[in-house]
Amino acid sequence: MGLKDRLAEIQTTTSRVYNEYCAFQNMLLALNPEDKKAVDDAFARNIPTSLIIAALRKEGIKTSSDSMRLHRAGRCKCPKK
Ligand SMILES: [Zn+2]
């Protein structure tokens, strides 16, 4: 394997971890559009973070309440519009 291939591989396998978004946003980006919309709707309906986390965990989706709270409050590292 040449250097070019090795570097290409690193980029594809770690792009999710080393991009500009926080852990929570990366989890959202990994969801299918329907699930992502459900989380967005839950935020819009002011459902408490702990309940959203519990629902995600039941679906086998791991995320931390800290990263969700920071993201929700706009205090994460995601680019702000
Ligand atoms: Zn974020």
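One structure accompanies this document, and this report is about it. What you see is a predicted model; the values in this text were computed from it and never measured. (Residues numbered from 1 in each chain as written. Predicted model: local features only at pLDDT ≥ 70, side-chain atom pairs only at ≥ 80, totals over all residues.)

Here's the deal with the overall build of the chain
Reasoning step 1: Looking only at helices and strands, the chain features 5 helices and 0 strands.
Reasoning step 2: Shown N-terminal to C-terminal, the secondary structure of the chain runs as helices and strands in the order α-α-α-α-α.
Reasoning step 3: For the chain, with 81 residues in total, the buried portion stands at 6%.
Reasoning step 4: Restricting to contacts in the chain with at least 6 residues of sequence separation, those with at least 24 account for 51%. (Helix = DSSP H or I, 4+ residues; strand = E, 2+ residues; numbered from the N terminus. Buried ≥ 20, exposed ≤ 12 C-beta atoms within 10 Å, placed from the backbone. Contact = placed C-beta atoms within 7 Å.)

A look at the packing of helix α2 (residues 23–30) against helix α5 (residues 65–72)
Reasoning step 1: The N-to-C vectors of α2 and α5 enclose an angle of 95 degrees; their axes lie 8 Å apart at closest approach. The orientation of α2 with respect to α5, classified from their angle, is roughly perpendicular. In contact with A23, F24 and Q25 of α2, α5 contributes S67, M68 and H71.
Reasoning step 2: Its residues assigned to classes, the contact of α2 with α5 comprises 3 nonpolar, 3 polar and no charged. (Axes fitted to C-alpha atoms, helices over the stretch in contact; angles between N-to-C directions. Parallel < 35°, antiparallel > 145°, perpendicular 65-115°, else oblique. Nonpolar A, V, L, I, M, F, W, Y, C, P; charged D, E, K, R; others polar.)

Quick notes on unusual backbone geometry
Reasoning step 1: The residue N46 is not glycine, and still its phi comes out positive at about 60 degrees.
Reasoning step 2: For N46, the position within the fold is in the loop between α3 (33–44) and α4 (49–58).
Reasoning step 3: Look at N46 and you get exposed, because 6 C-beta atoms sit within 10 Å.

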